[in-house]
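One-letter residues, chain by chain:
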Amino acid sequence: MSDLATQAQVAIVTGAGSGIGAAIARDLGARGTNLVLVGRRAELLDERVAEIMAGGGSALASPGDVREFADLERAASVALDHWGRIDVLVANAAIADFGPIAEADPELWRDVIVTNVLGVMYAVRAVLPHMLGAGSGHVVITASGSGRVTYVGEPAYVASKHATVAFADCLRLEVAAAGIRVSVIEPGLVETPLIHVYEGSNDMVGEVDALTPEDIARAVRYVLDQPPGVNVFEVLVRPTRQLL
Ligand SMILES: NC(=O)c1ccc[n+]([C@@H]2O[C@H](COP(=O)([O-])OP(=O)(O)OC[C@H]3O[C@@H](n4cnc5c(N)ncnc54)[C@H](OP(=O)(O)O)[C@@H]3O)[C@@H](O)[C@H]2O)c1
């Protein structure tokens with residue numbers, strides 16, 4: 001076994017300050033993965049780093065905005081400077097819109113598309129040269145059930161998640177031969193700050209028992225725990241009573 005194979009894994013998680021990203025980071029940290037946490041609110045990242053360190057894990061905050069490629073390059077540099085490798089990217093940061101198309105704020109639409117689509121693409125672009133150089137790596141993208149179905153209420157979010165799934169499919173086609181895996185996680189309703197940003201935005205809140213962020217972290221653990229020759233393309237996880 002090579003030295004690289006026996007060293008602890010290194011993961012970058014975007015949107016790690018809250019919700020699903022925080023749960024994924026805690027889970028990976030508890031399993032001995034060295035972490036670089038990305039998000040705009042440095043104080044949230046510091047809290048997550050402190051939790052992970054208190055649990056015996058190892059994490060660094062790299063505050064930044066996924067809309068800025070330079071911030072993601074910096075996160076990649078933090079991982080490489082400290083641990084010399086990047087095994088896993090969890091591209092998870094996103095925001096939502098809410099409301100009728102005819103009344104939408106075009107600037108919010110821009111923000112949703114840039115954050116959710118370009119933010120994922122930039123994160124992948126920042127780590128991919130290192131993964132290709134290493135001949136291994138695993139890109140995990142938090143898309144959504146909203147990347148597979150359409151409905152009224154969050155048009156930019158739905159469009160962004162469909163685009164994210166399409167980008168992941170393009171990426172997988174390009175890098176599979178290099179030994180790099182690409183997995184898309186597609187949660188249904190999860191109890192996080194995101195579903196409470198817009199009042200009335202989610203009819204399902206209160207009607208189905210939302211998943212917990214830890215439920216999604218478990219799905220991420222499942223895809224990461226597969227042997228190198230096994231790539232789980234996508235995991236669609238919904239609350240039992242949520243059918244669409
Ligand atoms: N909750 C659900 O029901 C649900 C369902 C399906 C899919 N998802 C997906 O799950 C992922 C995580 O969302 P969540 O539900 O856990 O919500 P959340 O708690 O709001 O987490 C989103 C995270 O993304 C970060 N973020 C937002 N914009 C950013 C930017 N420009 N640059 C860097 N970080 C940014 C936020 O931190 P800062 O504001 O500090 O940057 C926040 O920590 C998203 O991709 C979401 O679409 C959620």
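Whatever comes next refers back to the structure up there.
Residues numbered from 1 in each chain as written. Predicted model: local features only at pLDDT ≥ 70, side-chain atom pairs only at ≥ 80, totals over all residues. Heavy atoms only, no water.

Draft legend 1. Highlighting the pairing of strand 5 (residues 137-142). With six of six residues buried, strand 5 is to be regarded as a mostly interior element. Residue alternation in strand 5 divides its side chains into two sets, G137, V139 and I141 and H138, V140 and T142, and both sets are buried. In this structure, strand 4 (residues 88-91) lies alongside strand 5, joined through four bridges in parallel fashion. Counterpart to V90 in the pairing with strand 5 is V140. You can see the chain leave strand 4, run along helix 5 (residues 106-134) and come back into strand 5, and the turn it takes is right-handed. (Buried < 20%, exposed > 50% of the residue type's maximum accessible area, 1.4 Å probe, protein only. Helix = DSSP H or I, 4+ residues; strand = E, 2+ residues; numbered from the N terminus. Pairing = 2+ DSSP bridges. Right-handed = clockwise from strand over helix to strand, strands pointing away.)

Draft legend 2. Structural detail: the packing of helix 4 (residues 69-83) against helix 5. Where helix 4 contacts helix 5, the axes come no closer than 9 Å and their chain directions differ by 35°. Two packed elements cross with a definite hand, and for helix 4 against helix 5 that hand is right-handed. Residues F69, L72, E73, A76 and L80 of helix 4 form the contact with helix 5, whose participating residues are G119, Y122, A123, R125, A126 and H130. Grouping the amino acids of the contact of helix 4 with helix 5 by side-chain chemistry returns seven nonpolar, two polar and two charged. (Axes fitted to C-alpha atoms, helices over the stretch in contact; angles between N-to-C directions. Left-handed = near helix turned anticlockwise from the far one by under 90°. Contact = heavy atoms within 4.5 Å. Nonpolar A, V, L, I, M, F, W, Y, C, P; charged D, E, K, R; others polar.)

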